[in-house]
Amino acid sequence: MDFRKLVRSFRYAFYGMYTALSEQNMRIHIISAVIAIAAGFFTGLSNSEWLVLILLIAIVISTEMVNTAIETVVNLVSPDFHPLAKKAKDVAAGAVLVFAIASVIIGLLIFIPKWF
Ligand SMILES: Nc1ncnc2c1ncn2[C@@H]1O[C@H](COP(=O)(O)OP(=O)(O)OP(=O)(O)O)[C@@H](O)[C@H]1O
């Protein structure tokens, strides 16, 4: 196993996480995640509820990062308007939205019975 190559791969992956933070949507996801985690601490969640919450946060953030990667490649290969570029960007953004909506619903299903 090439240990130096492995370390380099991790360094690039961490740089990718740092780069993604410059996106406005990513900042919104991070702020939402911090609010959800704080609400979890104040409300008191079971182990399985924490598991679901952390999984949702990780998937939303990962999906947003894949969306950013797709947007970046589309900008590279199609800087001018093209209907296929539009389709790729809109479908990728839609994928994030689907999971974000599902996450809000699941979050409310976890928190609302504890609050009321
Ligand atoms: N090259 C293109 N060809 C066709 N439509 C495009 C193209 N680039 C962007 N669009 C359309 O404009 C919308 C906004 O794209 P834009 O890249 O400005 O913002 P975005 O996709 O929200 O990314 P960012 O987070 O960088 O603002 C896209 O969702 C898509 O509908």
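Criteria and cut-off values
Here the residue index of a chain counts from 1 through its sequence in written order. Residue-level local features of this predicted model are given only where pLDDT is at least 70; pairs of side-chain atoms are given and counted only at 80 or more, and the full residue set underlies all totals for whole chains, interfaces and linings. UniProt positions are given in the numbering used here, feature names are shortened, and annotations may be inferred rather than shown by experiment. The numbering of helices and of strands both runs from the N terminus, where a helix is a DSSP run of H or I of at least 4 residues and a strand a run of E of at least 2. Comment: burial labels come from other C-beta atoms within 10 Å of the residue's own C-beta, placed from the backbone, where a count of 20 or more is buried, 12 or fewer is exposed, and between is partly exposed. Note on contacts: each residue gets a C-beta atom placed from the backbone, and two residues are in contact if those atoms are within 7 Å. Nearness rests on one distance test: the residue's C-beta atom, set from the backbone, must lie within 6 Å of the molecule or strand. Residue polarity follows a fixed list, in which Ala, Val, Leu, Ile, Met, Phe, Trp, Tyr, Cys and Pro are nonpolar, Asp, Glu, Lys and Arg are charged, and the others, Gly among them, are polar. Axes here refer to lines fitted to C-alpha atoms; in helices the fit is confined to the stretch in contact. Angles between the N-to-C directions go from 0 to 180 degrees. Throughout this description, any angle smaller than 35 degrees is read as roughly parallel, any larger than 145 degrees as roughly antiparallel, any in the 65 to 115 degree range as roughly perpendicular, and the remainder as oblique. Residue-level confidence of the predictor, termed pLDDT, takes values from 0 up to 100. Expected helix span is taken as 1.5 Å per residue step, with the number of steps being one fewer than the number of residues.

**Topic: the UniProt feature "binding site: substrate" (unreviewed entry) in the protein chain**
If you check UniProt for "binding site: substrate" (unreviewed entry), the listed places come out as E64 in our numbering. Relative to the helices and strands, E64 is located in helix α3 (residues 47-77). What makes E64 buried here is the crowd of 23 C-beta atoms within 10 Å. Excluding residues within four positions of it along the chain, E64 makes contact with N25, M26, H29 and V96.

**With respect to the site of the ligand**
As a structural note, the neighbourhood of the ligand is formed by E23, N25, E71, S78, F81, H82, A85, K86, K89, D90 and A93. Of all the elements, helix α4 (residues 83-115) adds the most residues to the shell around the ligand, at five residues. When its residues are assigned to classes, the shell around the ligand shows three nonpolar, three polar and five charged.

**Examining the environment of W115**
Considering the arrangement of structural elements, one finds W115 in helix α4. What makes W115 exposed here is the crowd of 8 C-beta atoms within 10 Å.

**As for the packing of helix α2 (residues 24-43) against α3**
Helix-helix packing: each pair is described by the crossing angle between the helix axes and the interaxial distance. In contact at an axis separation of 10 Å, α2 and α3 are set at 175° when each is read in the N-to-C sense. With respect to their mutual orientation, α2 and α3 come out roughly antiparallel. Residues N25, M26, H29, A33, A36 and G40 of α2 form the contact with α3, whose own contacting residues are W50, L53, I57, V60, I61 and E64. Looking at the contact of α2 with α3 residue by residue, the classes come out as eight nonpolar, three polar and one charged.

**Re the confidence of the model for the protein chain**
Looking at the protein chain as a whole, the pLDDT averages 97, with 100% of positions reaching at least 70. Ranking the helices and strands of the protein chain by mean pLDDT puts α3 first, with 98, and helix α1 (residues 3-20) last, with 96. The ipTM assigned to the predicted complex is 0.89, against a pTM of 0.91.

**Things to note about α1**
Helix length check: α1 (18 residues) gives 26 Å between terminal C-alpha atoms against 26 Å at 1.5 Å per residue, within 8%. The buried count for α1 comes to one of 18 residues, which makes it a mostly uncovered element.

**Comments concerning the packing of α3 against α4**
Where α3 contacts α4, the two axes come as close as 9 Å, and the packing angle between them is 170°. What the angle tells us is that α3 and α4 run roughly antiparallel.

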